[in-house]
Structures are given as structure tokens and as C-alpha cells.
Amino acid sequence: MLERFFLVLLLAVAVPAQAVEIKDDLGFTTQLPAPPQRIVSLLPSLTETVCELGACARLVGVDRYSNFPASVNALPKVGGMEDTNVELIASLKPDVVLVAVSSRVAERLRALGLKVVVLEPRSYKDVQRVLNIIGQVLDVPDAQRVWRHIEAGVAAAASAVPASARGVRVYYEVASGLWAAGESSFMGETLTRLGAGNIIPASLGPFPKINPEFVVKANPALIMIGQRGSEGLTQRPGWDRIDAIKRGRICVFKPEEGDILARPGPRMAEAAQIMAKCLREKVSS
């Protein structure tokens, strides 16, 4: 009986972790022989997703913009999209590197023999898909529990928007230089779910660069903008004719709010609550 117990135990130890094959957003297939224990993330939304799935302790390096949860601030920072420190990443000996589609570093990392998975969520559908993929990478069961939490939180935020604020036309400037959130972006989809309109149609893409005169002609009733880009907003040529500016309907988001709003990941329900609060305070009042 005792011999049989030790035989079963030996077999259990000898069975290797199941390999997984991951197809990323560029169509590249990466084989991971076992769930990675050393991970580098080069996109804040991916960092937050790894942590929300309970694998924060497996992160050994992150990009300079990853700052949530607070524990990741103690990790080595490996640069941004334009100045990624490839040598530092290699020195961290990661089992896998999570990279944004818009980054150009994937091939350089692969040339060093590193495993790379390229992911970049831009819509609600993308977020749900990326959750599944990272769940596979981490070997975490039921990664969709995070998605269910997001959906429930967004629905709760929408229910808190009064009827008087529904249908209001919004201009959401996501970055200086008039980069806007279009209807097809995750930010635009949140606005839609909250019952608001968007002056930037889906046909212009998720985050188009807008001509300032376009905004004047569209005449939004509400403007959402980050603190960094809000300076001089009301002095832009012709913008004094915009209804939102004439009526003081401008929501200026603090940097920490901007981080939440700009990251398509686990904190999207919180982002919806921030937008809903803006609609309640600026439109329904």
C-alpha cells in the first residue's frame, strides 16, 4: 500500500506542466512549455490584467507607465514604447514578455530567444479576448470572472445616469494635439453604454486626430479632457462658440483618473463610474 502511494506521488511529480500554444494579436503563435513564472509587461493595461488574475508576484519588470497596483512600482522599469531597454529585459530572464501591438520591440526580443506575446485591447470585445489569452498564458481558470465584474460595474454606472443626461453629445479628448476617443474605441463604447452620444463617428477610427474646426462644427454639449491637455482649452480659436464651453460643461480629469480612463482592462467599471459622475454633475444639473 505504501509502495503504491509513493509510486503515485512520483508520477505526479514527474508529469510536466502542460504546454500551451498562444496566438497573439499579430497572428504569431508562441509555445510556452509551462505557465510562466517570470513575466515582463510592456503595457499598463496588460500589467493590471496580470495582477487582477492573481499573478502580480510573477511580474519581474514593467514599462515606465505601469503604476497600478502600487506593488508594481517597486519593479524594474524597462522604458516605454519608443525607448524600451531590451538589454534590461533580457537580463531579467523572463519566461514571457507581454508587448503592445504598437510597440516595435517584439522582433528584437524574439531575436534574443525570448518568448513574446503581442496584445493590445482597444475595444470591449478586445478586452474580453485578451483576458482569455492572458488567462491561458497564466494557466488561470475562469479569467472571465474579471469580465463579468467589468460588465456588472458598467451596467451599475449606466443605471446611475439620469434621463436628463442621456443623449448628450460628448467630445472626449484623450491626448493633446486633438486626439479623440471615437465611437469604436473602448472609451467611446463606455459613453454609448452610459447613454451619451459621441461627436466622433466610428468611421474615423478608435482614436483619430481631429481638426479643431470639426469640433466647433459638431458643437458638443459636454467636453471630457485630461488635466494635462486642458490648459488653454477655452482659448482655442472659435471654441468660444461651442455650447459645452459657453455653459461650462467641461470635465477635467485628474492624472490618476486619466490613467483609469485610458486603460482597457480590469478598471473599466471604475472608468465608467468616473464618466457617469461627469454626466450627472455637468449635464443633469
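The residue count restarts for each chain, going from 1 along the sequence in the order it is written. Totals for whole chains, interfaces and linings use every residue, but because this is a predicted model, local features are given only for residues with pLDDT of at least 70 and side-chain atom pairs only at 80 or more, for both listing and counting. Hydrogens and waters are ignored; side-chain quantities use all the structure's heavy atoms.

1. Some points on the layout of surface pockets
Then, in step 1: Here the largest pocket defines a volume of roughly 1,300 Å³.
Then, in step 2: Points on a 1 Å grid, built from protein atoms alone, make a cavity when a 1.4 Å probe fits but cannot get out and make a pocket when they are open with protein on both sides within 12 Å along at least 5 of 7 lines; residues with an atom within 4 Å of a point are the lining residues. Lining the largest pocket are 40 residues, with Val174, Ala175, Met187, Gly258 and Ala262 sitting closest to its centre.
Then, in step 3: Secondary structure elements follow DSSP: runs of H or I of four or more residues count as helices, runs of E of two or more count as strands, with numbering from the N terminus. Those elements that place two or more of their residues in the lining of the largest pocket are helix H2 (44-52), strand E7 (169-175), helix H7 (186-193), strand E10 (222-226) and helix H10 (255-262).
Then, in step 4: In terms of residue count, the dominant contributor to the lining of the largest pocket is H10 (5 residues).
Then, in step 5: Looking at the second largest pocket, its volume works out to about 160 Å³.
Then, in step 6: Along the walls of the second largest pocket sit Ile250, Cys251, Val252, Phe253, Glu257, Ile274, Lys277, Cys278, Glu281 and Lys282, which together make up its complete lining.
Then, in step 7: Of all the elements in the fold, those that place two or more residues in the lining of the second largest pocket are strand E11 (250-253) and helix H11 (268-282).
Then, in step 8: Take the lining of the second largest pocket: its biggest share by element is 5 residues, from H11. Grid points are joined across faces, edges and corners, and a volume is the space filled by probe spheres set on the points.

2. Points about the packing of aromatic side chains
Then, in step 1: Only Phe, Tyr and Trp rings are paired, with Trp represented by its six-membered ring, and only when their centres lie within 6.5 Å; those with planes under 30 degrees apart are stacked, over 60 edge-to-face, the remainder tilted. Following the criterion strictly, the structure yields 4 aromatic pairs and no others.
Then, in step 2: For the pair tyrosine 171 and tryptophan 239, a centre-to-centre distance of 6.0 Å together with 80° between the ring planes defines the contact as edge-to-face. Linking tyrosine 171 in strand E7 with tryptophan 239 in the loop between E10 and helix H9 (243-246), this pair joins segments that are 68 residues apart in sequence.
Then, in step 3: Taken together, a centroid distance of 5.9 Å and an interplanar angle of 45° make the contact between tyrosine 172 and phenylalanine 253 tilted. With tyrosine 172 in strand E7 and phenylalanine 253 in strand E11, the pair connects residues that are 81 residues apart, well separated along the chain.

3. Here we look at the pairing of E10
Then, in step 1: Between buried and exposed lies partly exposed: a residue is buried under 20% and exposed over 50% of the maximum accessible area for its type, with that area taken using a 1.4 Å probe on protein chains only. E10 sits mainly inside the fold: 4 of its 5 residues count as buried.
Then, in step 2: Of the strand pairs in this sheet, E7 and E10 are connected by 4 bridges, and their pairing is parallel. Counterpart to tyrosine 171 in the pairing with E10 is isoleucine 223.
Then, in step 3: A pair of strands is treated as paired once DSSP finds two or more bridges between them. The pairing of E10 with E11 spans 4 bridges and is parallel. Note on E11: the bridge partner recorded for isoleucine 223 is isoleucine 250.

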